[in-house]
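Examination of the molecular architecture
Next come the chains, spelled out residue by residue.
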Amino acid sequence: MSQKHIKSGYSVLFVVSLFFHCTAMACTLTMGYRSSERMPLISRQTSDSGLYQHLYSLAADKIGCQLKIERGPKKRILKRLNQGVIDFYPGFSFSLKRAENVFFMENGLPGGDVGISLNTMKNITDIKQLEGYTLLTALGSVDTDNKLMGVTIHKVREMTIDKAISLIQKKRGDFYIYNKSSIEYYIKKNKNKVDNIKIHSDCCGGIKPLYLGFSKKSIHYKQQDNPDFNNSQAINILNYPQLLSKNSIAYKFQQALKELVNSGKTQELYDQYYE
């Protein structure tokens, strides 16, 4: 065999080797979300477009990963999240029960909830004032039963803002609590449908960070002990026994999201979608 053919053979082997190396190094982060849309965060199941896809694709790309989105009934999505088949849920409220299966990290978007009701309801500044009323919640959402004495909880499958407003207008529920930005966006886009609906801006704690839930069963998750954990205080999102291990994809994903915040890109995307 000529030296030219040998060199050519080595070149082919090098390219093939490089291809398989790059393939092995690539990763996929699977985001799970319920079937129904929540504009402008995520559109209907056939598209998946919206702020979530844009933000998390950028973060995934920063660490050499690609984003995959899986949709389905929320109960099934949460089951697959707990199993580690789905890596993360994009907007997740903290609870100790959920923290058994997921790790919470800030996604950089503004959180915090407001309430809505018919405009005939008195102004609610504390959810304890809901005694005697019916609160609408999504099936699979954080359990509020133990927090609200004397409040009837009506759990609704595949809840949306549109569905909640319809139920309130039909007097099949009195109050619905949801993300401030999403409520205000919906009201702005649907003024003709909500002339008898009132927003309770001070009911539920004001502006707070928004979190995603990353599955502890994900192949991309590793944890380590938190040296700053205070075991004499209650476990909460700011006082948690574990941190992400720095050699995990989950940690790199967390850092990428922080970089997007620090660069102003997250705010730029938020303004673009909520204008």
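Here we summarise the structure given alongside this text. What you see is a predicted model; the values in this text were computed from it and never measured. All residue numbers refer to position in the chain's written sequence, counted from 1. With the structure being a predicted model, the display of local features is reserved for residues of pLDDT at least 70 and the display and counting of side-chain atom pairs for 80 or more, all residues being used for whole-chain, interface and lining totals. With hydrogens and water stripped out, all remaining heavy atoms of the structure feed into the side-chain values.

**Comments concerning the overall build of the chain**
Secondary structure elements are defined from DSSP: runs of H or I of at least 4 residues count as helices, runs of E of at least 2 residues count as strands, and each element is numbered from the N terminus. Per the secondary structure count, the chain includes 8 helices and 12 strands. Relative accessible area decides the class of each residue, using a 1.4 Å probe on protein chains only: under 20% of the type maximum gives buried, over 50% gives exposed, and in between gives partly exposed. The buried share of the chain, taken over its 275 residues, is 43%. Sequence-distant contacts in the chain: of pairs separated by 6 or more residues, those separated by 24 or more amount to 69%. Within the structure as shown, the chain displays about 15300 Å² of accessible surface, and the carbon and sulfur contribution to it stands at 51%. By the convention used here, residues are in contact when the closest approach between their heavy atoms is within 4.5 Å. Accessible surface is estimated by sampling points in the Shrake-Rupley manner with a 1.4 Å probe; for residues, cover comes only from the protein chains shown.

**Thoughts on unusual backbone geometry**
For the peptide bond that leads from M39 to P40, omega is 5 degrees, which places it in the cis range. Phi is positive for E158, which is not a glycine, with a value near 50 degrees. By the secondary structure assignment, E158 is in the loop between β7 (152-156) and α5 (161-169). By relative accessible area, E158 is classed as partly exposed at 21%. A positive phi angle, close to 60 degrees, is found at K171, a residue other than glycine. Accessibility expressed as a relative area gives 66% for K171, which makes it exposed.

**Quick word on the sheet that holds strand β5 (residues 113-118)**
Pairing is mixed in the open sheet, where 5 strands are placed in the order β7-β6-β8-β5-β9. Looking at the sheet topology across the chains shown, the edges are occupied by β7 and β9 (197-200). For this sheet, the mean angle separating the axes of adjacent strands, direction not counted, is 30 degrees. By the convention used here, strands pair only if DSSP detects at least 2 bridges between them. In the sheet, β5 pairs with strand β8 (residues 175-179) via 4 bridges, with the strands oriented antiparallel. Within the sheet, the bridge partner assigned to G115 lies in β8 and is I177. Angles here are taken between N-to-C directions and fall from 0 to 180 degrees, while the axes themselves are lines fitted to C-alpha atoms, restricted in helices to the stretch in contact. Set on the sheet, helix α6 (residues 180-189) makes contact with β5, β8 and β9; between it and β8 the angle comes to about 110 degrees.

**Looking at the nonpolar core**
We define a nonpolar core as any set of buried Ala, Val, Leu, Ile, Met, Phe, Trp, Tyr and Cys residues linked to one another through side-chain atoms lying within 4.5 Å. With 64 residues, the main nonpolar core has Y52, Y56, F88, Y176, F214 and F253 as its most contacted residues. Each residue touching F88, except ones within four places of it in the same chain, is listed here: L29, T30, M31, G32, Y56, L67, L81, L212, G213, F214 and F253. Counting residues in each nonpolar core, the second largest holds 9 residues, with M121, V151, F175 and C204 among its members.

**Re the pattern of salt bridges**
Salt bridges are defined as contacts in which a side-chain nitrogen from Lys or Arg sits within 4 Å of a carboxyl oxygen from Asp or Glu. Here the structure, examined in full by the defined rule, presents 6 salt bridges. In this structure, the salt-bridge partner of D162 is K193, at a minimum N-O distance of 2.7 Å. With a gap of 31 residues between them, D162 in helix α5 and K193 in the loop between α6 and β9 connect regions that are remote in the sequence. Look at D162 and you get partly exposed, because its relative accessible area is 34%. For K193, a relative accessible area of 38% corresponds to the partly exposed category. K180 is the salt-bridge partner of E184, the closest N and O atoms lying 3.0 Å from each other. With a gap of 4 residues between them, E184 and K180 both fall in helix α6, about one helical turn apart. On the accessibility criterion, E184 (33% relative accessible area) is partly exposed. When its relative accessible area of 26% is taken as the criterion, K180 is described as partly exposed.

**Observations regarding the state of the cysteines**
When the sulfur atoms of two cysteines come within 2.5 Å, that pair is taken as a disulfide. Under the defined criterion, the tally for this structure stands at 2 disulfides. A disulfide bridge connects C27 with C65, and the sulfur atoms are separated by 1.6 Å. Judged by the torsion about the S-S bond (100 degrees), the C27/C65 disulfide is right-handed. Of the two residues, C27 is situated in strand β1 (residues 27-34) and C65 in strand β2 (residues 65-72); the sequence distance between them amounts to 38 residues. Look at C27 and you get buried, because its relative accessible area is 11%. We classify C65 as buried; its relative accessible area is 7%. Two residues, C203 and C204, share a disulfide whose sulfurs are 2.1 Å apart. As the torsion about the S-S bond is roughly -90 degrees, the C203-C204 disulfide counts as left-handed. With respect to class, C203 is no different from C204; both count as buried. Numbered by position along the chain, the disulfide-linked cysteines of the chain connect as 1-2, 3-4.

These figures come from the coordinates and say nothing about function on their own.
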